[in-house]
Structures are given as C-alpha cells and as structure tokens.
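Each chain, written out:
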Amino acid sequence: SPRQQHRIGPTTRGVHHARAKDTHMLRRPARDLTRTFTRTFASSSSSAPRVSIERAADGVATVTLGRPEKLNSLDIDMFRAIRSAAVELAEDKGVRAVVVHGSGRAFCAGLDVKSINHPLHARANGRELLDRPDGAISNLAQDV
C-alpha cells in the first residue's frame with residue numbers, strides 16, 4: 001500500500017512550513033507594560049538610536065538593536081551603545097531578565113566590515129575594539 005504523507009503546509013525542497021494561521025504559537029505572551037521605561041543610546045554620527053532599552057514592571061528588559069537598514073550590523077557606534085546598555089542593565093537590581101532582538105528583518109548581520117575598516121578611521125576603530133585598558137579583563141569587542 002502507498003505511504004500517506006501528512007503535509008503541514010506548502011513545502012520547499014522537502015521542508016515543511018507552518019501555515020500563517022499557526023504562527024500564533026510563536027508570539028510572545030502579553031506582559032503588563034503599565035510601567036515601562038525606555039532609554040535610547042544614539043550614535044555619534046547620526047541621530048537614530050543604535051540601541052534602545054525598554055524596562056517592564058515585571059523585571060524584564062528588552063534591548064532592541066536599531067540599525068535595520070544595515071540588518072543591525074555592528075559598527076563602532078553599535079559596539080559602544082551595546083556596551084553602555086549592558087553596563088546600565090547590570091547595575092539595575094530590578095532587572096531579572098534581558099531579551100535582545102533586532103529591529104527590522106534581521107537580528108544582527110555581524111560586523112560591518114566596511115564601516116570598521118573605513119580608511120579614515122580603521123586604525124582608531126581597531127584600537128578601540130581590540131585594545132584592553134589597563135586593569136580591564138576584556139576589550140570592547142569581547143564585552144559585546
């Protein structure tokens with residue numbers, strides 16, 4: 001007898017995809033956001049915030065990477081903003097958990113090599129990312 005195949009939804013090269021109506025299972029549960037605090041860390045070269053922090057009353061902080069036009073890739077300003085956000089959240093005793101996500105269609109595309117290796121700033125960027133200040137246990141790239 002022929003084997004029956006059960007399809008979940010349309011397939012692409014043998015991979016089954018859930019239907020759009022089934023995506024409700026992937027949504028985050030609603031949180032009480034009656035007391036929400038938002039902080040942003042702007043870049044030195046543009047007015048758009050690189051990172052924003054939203055704190056909910058339940059002790060969950062949401063960190064959003066804010067460079068969707070570049071798939072949230074890491075330039076020097078993004079490195080600085082993420083480190084500042086991490087330091088701020090580490091000092092906040094009311095934060096129990098941190099959720100990190102990217103705005104737009106990608107979480108983070110990785111290092112923005114073009115901006116880091118820009119001819120006018122490559123040496124300074126490399127030094128800032130990789131040099132450890134005296135007494136520090138990590139550099140900027142390791143912190144992030």
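For the structure, see preceding data.
Conventions used here
- Residues numbered from 1 in each chain as written.
- Predicted model: local features only at pLDDT ≥ 70, side-chain atom pairs only at ≥ 80, totals over all residues.
- Heavy atoms only, no water.
- Helix = DSSP H or I, 4+ residues; strand = E, 2+ residues; numbered from the N terminus.
- Buried < 20%, exposed > 50% of the residue type's maximum accessible area, 1.4 Å probe, protein only.
- Pairing = 2+ DSSP bridges.
- Right-handed = clockwise from strand over helix to strand, strands pointing away.
- Expected span 1.5 Å × (residues − 1).
- Core = buried A, V, L, I, M, F, W, Y, C linked by side-chain atoms within 4.5 Å.
- Contact = heavy atoms within 4.5 Å.
- Axes fitted to C-alpha atoms, helices over the stretch in contact; angles between N-to-C directions.
- Parallel < 35°, antiparallel > 145°, perpendicular 65-115°, else oblique.
- Left-handed = near helix turned anticlockwise from the far one by under 90°.
- Nonpolar A, V, L, I, M, F, W, Y, C, P; charged D, E, K, R; others polar.

*Asks:* Before we go on, may I ask you to explain the overall build of the protein chain in this structure?
*Replies:* A count of helical and extended segments in the protein chain gives four helices and six strands. Listing the helices and strands of the protein chain from first to last along the sequence gives β-β-β-β-β-α-β-α-α-α. Residues counted as buried form 28% of the 144 residues belonging to the protein chain.

*Asks:* Help me out: how do you make sense of the pairing of strand β5 (residues 60-65) in this one?
*Replies:* Within a regular strand, side chains alternate between the sheet's two faces. The buried fraction of β5 is high, at six of six residues. Here β5 shows two buried faces, one formed by V60, T62 and T64 and the other by A61, V63 and L65. Two strands pair when backbone bridges link them, and strand β4 (residues 49-55) and β5 are joined in this way by five bridges, in the antiparallel orientation. Its bridge partner being in β5, V51 is matched across the sheet by L65. Strand direction decides the pairing type here: β5 and strand β6 (residues 97-102), joined by six bridges, are parallel. The residue bridging T62 from the neighbouring strand is V99, located in β6. Taken together, β5, helix α1 (residues 76-91) and β6 form a β-α-β motif whose crossover is right-handed.

*Asks:* Hey, could you run me through unusual backbone geometry in this one?
*Replies:* Note: most residues except glycine have negative phi, and most peptide bonds are trans. The backbone of L71 shows a phi angle near 55°, a positive value even though the residue is not glycine. Following the sequence through the fold, L71 ends up in the loop between β5 and α1. A positive phi angle is found at N72, which is not glycine, with a value near 60°. Mapping N72 onto the fold places it in the loop between β5 and α1.

*Asks:* Would you take a moment to explain α1 for this structure?
*Replies:* Two residues of an α-helix separated by three or four positions point the same way, owing to the 3.6 residues in each turn. Between its terminal C-alpha atoms α1 stretches 23 Å, which fits the 22 Å expected from 16 residues at 1.5 Å a residue. For α1, the set of buried residues is I76, D77, M78, F79, A81, I82, A85, E88 and L89.

*Asks:* How do you make sense of the nonpolar core when you look at a structure like this?
*Replies:* Ranked by internal contacts, the top residues of the largest apolar core, which has 17 residues, are V51, I53, M78, I82, L89 and L129. Listed by contribution, the elements that provide at least two residues to this core are β4, β5 and α1. At seven residues, the largest contribution of residues to this core is made by α1. Not counting chain neighbours up to four residues away, the residues in contact with L89 comprise I53, R55, A61, V63, V95 and V98.

*Asks:* Got a minute to help me understand the packing of α1 against helix α3 (residues 122-130) in this structure?
*Replies:* Working note: a packed helix pair is described by the angle between its axes plus the distance between those axes. Between α1 and α3, whose axes approach to 11 Å, the crossing angle comes to 25°. Comparing their axes, α3 and α1 come out roughly parallel. Seen along the crossing, α1 lies across α3 with a hand that is left-handed. Contacts between α1 and α3 involve I76, F79 and R80 from the first element and N125, E128 and L129 from the second. Considered class by class, the residues forming the contact of α1 with α3 number three nonpolar, one polar and two charged.

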